[in-house]
Amino acid sequence: MLHRRQLMLLAACGGLVATAGTGWLLWRQNASRAAADIDDVCIVAPTFAFDPASGLAPTAPREVPATARCPVCGMFPARNRRWAAQVIFSDGAVQYLDSPLSLFHYLQRVERYTPGRVAADIAAVYVSDQATGQWLDADQAIYVHGSALQGPMRAGNLPAYAAQADALALVSVRGGVLTSAAALRQALPADLQTLAPHAHPGN
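Predicted, not measured: the structure shown is a model, and the values here were computed from it.

Chemist: So what about the packing of aromatic side chains? Which residues, and what values?
Modeler: The full count for this structure, using the stated rule, is 3 aromatic pairs. Measuring from centroid to centroid gives 5.6 Å for F48 and Y96, while their planes differ by 70°, and the two rings are edge-to-face. You can see F48 sitting in the loop between α1 (2–40) and β1 (85–89) and its partner Y96 sitting in strand β2 (residues 94–97), a full 48 residues away along the chain. Taking relative accessible area as the criterion, F48 reaches 26% and is therefore assigned partly exposed. Residues Y106 and Y113 carry aromatic rings whose centres are separated by 6.1 Å and whose planes lie at 25° to one another, so their mutual orientation is stacked. Here the two residues Y106 and Y113 agree in accessibility, since each one is buried. The positively charged end of R117 is found above the aromatic ring belonging to F89, 4.6 Å away from the centroid.

As structure tokens, then:
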């Protein structure tokens, strides 16, 4: 009789273990699906309209609003102001980006990141001088590629400078090489091609 009770107890325990195991597997599958759903979320960062009451010219650079999102990576450019960039369209609307790296990804496929806009609509492009925080024409800036300086995306952020001396000072301490907007517009270096993490439909 005791042997029979032991067998029944073992069978019951086995059933509990099997049920718990099945439940754990279902939880893992649901958790994996939830993570995949999060990865599939697409951040659509709207442009900011020009404010005539600002006293600025329609194509002049503006300060980054705290609520602005980078259309390339989804980050908030205002949180790392000296890395920020902005693109101003012919109607005065502006798109803010978290770094020069995101800027050059954006310029390659404007219509992908801002539906309804094309590169021909762009009237001005600015980056922040890493040394002073001042806005400067992105096409006139000097960029450093491959330095150890970490920005919003940790590496590969292409810090921008107005003065070559400031760019060379970074290179002497953190490494890297100088490059230009013309070179970056033509083609991003191979190691920067995959550093725009935010997925969009059609990637």
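Chemist: Go over helix α2 (residues 100–108), please, and point to the residues and values.
Modeler: The α-helix winds at 3.6 residues per turn, so residues separated by three or four positions along the chain end up facing the same way. When you tally the buried positions in α2, you get 8 out of 9 residues, the bulk of the element. Residues of α2 that are buried include every one of P100, L101, S102, L103, F104, H105, Y106 and L107, and no others.

Chemist: Lay out the sheet that holds strand β6 (residues 160–161) with the relevant residues and their values.
Modeler: If you trace the 3 strands from one edge of the open sheet to the other, you get β6-β5-β7, paired in antiparallel fashion. Unpaired on one side and paired on the other, β6 and β7 (177–180) mark the two borders of the sheet. As paired strands, strand β5 (residues 142–145) and β6 are joined by 2 bridges and run antiparallel to one another. When the bridges of β6 are listed, I142 appears paired with Y161. Packed on one face of the sheet, helix α4 (residues 164–174) meets β5, β6 and β7 and runs near 10° to β5.

Chemist: An account of the sheet that holds β2 is requested, with residue identities and associated values reported.
Modeler: As summarised here, the arrangement of the 4 strands in space is β2-β1-β3-β4, forming an open sheet in which the pairing is antiparallel. Each having just a single partner strand, β2 and β4 (135–137) make up the two edges of the open sheet. Taken over all neighbouring pairs, the strand axes of this sheet differ in orientation by 25° on average, direction set aside. Sheet topology note: the β1/strand β3 (residues 122–128) ladder contains 5 bridges and is antiparallel.

Cut-off values and rules
- Going along each chain's sequence as written, the residues are numbered from 1 onward.
- Totals for whole chains, interfaces and linings use all residues, but because this is a predicted model, local features are given only for residues with pLDDT of at least 70 and pairs of side-chain atoms are given and counted only at 80 or more.
- Excluded from the side-chain calculation are hydrogens and water; included are all heavy atoms of the structure.
- Centres within 6.5 Å make a pair out of two Phe, Tyr or Trp rings, where for Trp the six-membered ring is used; the pair is then stacked when the planes are under 30 degrees apart, edge-to-face when over 60, and tilted otherwise.
- Helix numbering and strand numbering both begin at the N terminus, where a helix is a DSSP run of H or I of at least 4 residues and a strand a DSSP run of E of at least 2.
- Partly exposed describes any residue whose relative accessible area lies between the buried limit of under 20% and the exposed limit of over 50%, with all areas from a 1.4 Å probe on protein chains only and scaled to the type maximum.
- Here, over-ring charges are defined by two tests on the NZ atom of lysine or the CZ atom of arginine: distance to the ring centre within 6 Å, and angle to the ring normal within 35 degrees.
- Only strands that DSSP links by at least two bridges are regarded as paired with each other.
- In what follows, residue pairs with any heavy atoms lying within 4.5 Å of each other are defined as contacts.
- Here an angle of 0 to 180 degrees is reported between the N-to-C directions of two axes, which are lines fitted to C-alpha atoms, with helices fitted over the stretch in contact.

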